[in-house]
Amino acid sequence: MPESRILIVDDNPGIITLVQEILASKHYEVLVASNGEDGLQQLRAAQLAGHPVDAVLLDVMLPGLDGFHILKQLKADADLNQVPVLLVTGVGETRSKAQGLELGADDYITKPFDSQELLARLHAVLRIRHTEQVLRQRNQELAALDEINRRVSASLDLDQVLTAALEGLERLVEAAMLAIVLYDDEEGEWVVRTSRGPEGAWLEGRIAPVTQDAAAQALRERRSVLQSAVDNSFWSEVLSISPLDLLYVPLMMHDEPIGLLTVVGHAGTLDSQNLPVLERVASSVSVAVENARLYGELTAFAEALQRSQSQLIQAEKMAAIGRLTASIAHEINNPLQAVQNSMH
């Protein structure tokens, strides 16, 4: 697990110093609050800053609001109620331990405590928190993927399909730019068909740089390719970002590449953990692109057939008119011929 942030809420300087030394030995990042109100403020501030606290060591006996009141407020806060709390109690405080656990504390430790026991209990609650975070993230990804699949499958319009896919991916991937590149048979070039990002409108319809570097490798080897912290002559200039991360996922149909899902991010924002989600979306988009193309071809064929039928009907009408005209002319011509014969 990455380095965790631990908030110590205790009014005893000796305990604070001891716990800081124990946690520092395992490279935890430590925050300190000497009372419950300050502890809640630090928790909320860290959450808003995007660097949330991973666990709280909360002393039961605090000046002002005691640990139980702080625990109640923490568990009642929708933004903070998933933060694990390790209660710190005194010897013989059995009722305090039971009360704390009933209020939502994840574990407790009794003073004076052994450093190894503290680390073991802390590591256990952090491991559980990490597992819960992974499960929540996976559930969010699955929900977003289901929504992408629903929207992609609901349309046979190619531009609507591609736009729906990128809008869904924006909620899943931290990217500066998302683009789908397709091969244009008429132009004989790989062209940016749809994109999302600050220069999205400008990019659409432009020839994409896929003949070299990692993009060419992804198409050639028919697999996803990730580049981290690189300079790219095209994307760095377009987005004014350097270095940057690049992730290319080929769109495949019948074992042949028909396009390229391109993800561009600031250096350090993309990694191999993004691949499963992107590859699933790429698979859905590939099928949808093929369906949209087949529908387009079928529509074009139907329109051509309709035009042919209209032309055939028009030709038959003209032929019928011709036959009618000839018949009328013949009927008129017979009496005239008889008159001419009688005059001779």
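Residues numbered from 1 in each chain as written. Predicted model: local features only at pLDDT ≥ 70, side-chain atom pairs only at ≥ 80, totals over all residues. Heavy atoms only, no water.

Asker: Go over the sheet that holds strand 2 (residues 29-33) with me, naming the residues and quoting the values.
Answerer: The five strands are arranged 2-1-3-4-5 in an open sheet whose pairing can be described as parallel. Because the sheet does not close on itself, it has two edges, and the strands there are strand 2 and strand 5 (107-111). The mean angle between the axes of side-by-side strands here comes to 20°, regardless of whether they run parallel or antiparallel. As paired strands, strand 3 (residues 55-59) and strand 4 (residues 85-90) are joined by four bridges and run parallel to one another. Counted as the bridge partner of Leu57 is Leu86 from strand 4. (Pairing = 2+ DSSP bridges. Helix = DSSP H or I, 4+ residues; strand = E, 2+ residues; numbered from the N terminus. Axes fitted to C-alpha atoms, helices over the stretch in contact; angles between N-to-C directions.)

Asker: A description of the pattern of salt bridges should follow, citing residues and the corresponding values.
Answerer: Evaluation of the coordinates by the stated rule reveals twelve salt bridges. Between Arg129 and Asp54 there is a salt bridge whose closest N-O contact spans 3.5 Å. Of this pair, Arg129 sits in helix 5 (residues 115-153) while Asp54 sits in the loop between helix 2 (36-48) and strand 3; the two residues are 75 residues apart in sequence, bridging distant segments of the chain. The buried category is assigned to Arg129, whose relative accessible area is 7%. Of the charged contacts in the structure, one is a salt bridge between Asp106 and Lys75, with a shortest N-O distance of 3.9 Å. Taken together, the positions of Asp106 in the loop between helix 4 (94-103) and strand 5 and Lys75 in helix 3 (residues 67-76) put the pair 31 residues apart, joining distant regions of the chain. For Asp106, a relative accessible area of 41% gives the class partly exposed. Ionic contacts of the salt-bridge type, sharing partners, join the residues Asp107, Glu117 and Arg121 into one network. (Salt bridge = Lys/Arg side-chain N within 4 Å of Asp/Glu carboxyl O. Buried < 20%, exposed > 50% of the residue type's maximum accessible area, 1.4 Å probe, protein only.)

Asker: How would you summarise a negative patch on the surface if you had to cite specific residues and measurements?
Answerer: There is a patch of like negative charges on the surface, built from Asp185, Glu186, Glu187 and Glu189. Structurally, Glu187 is set in the loop between strand 6 (177-184) and strand 7 (189-196). (Patch = residues over 30% accessible without salt bridge, like charges linked within 9 Å, V, L, I, M, F, W, Y side chains within 5 Å. Areas by Shrake-Rupley, 256 points an atom, 1.4 Å probe, with all protein chains shown as cover. Lys, Arg positive; Asp, Glu negative; His and termini not counted. Charge placed at Lys NZ, Arg CZ, Asp CG, Glu CD.)

Asker: Outline helix 2, listing residues and values.
Answerer: One turn of an α-helix holds 3.6 residues; hence residues three or four places apart share an orientation. Taking 1.5 Å as the rise per residue, helix 2 with 13 residues should run 18 Å; its terminal C-alpha atoms sit 19 Å apart, in good agreement. The complete set of buried residues in helix 2 reads Gly36, Gly39, Leu40, Gln42, Leu43 and Ala46. Angular distribution of buried residues about the axis of helix 2 spans 160°; they occupy a single face of the element. What points out from helix 2, more than 90 degrees from its buried face, is the exposed set Gln41 and Leu48. In this structure, the buried residues of helix 2 make contact with strand 1 (5-9), strand 2, strand 3 and helix 3. (Expected span 1.5 Å × (residues − 1). Arc of directions from axis to C-beta. Contact = heavy atoms within 4.5 Å.)

Asker: Account for the side chain of Arg129, naming residues and giving values.
Answerer: Here Asp54 takes part through its backbone oxygen, which lies 3.3 Å from a polar atom of the side chain of Arg129. Ignoring any residue separated from it by four or fewer positions in sequence, one finds Arg129 in contact with Val53, Asp54, Gln82, Val83 and Pro84. (Polar contact = N/O pair within 3.5 Å; in protein donor to acceptor, adjacent residues only side chain to side chain.)

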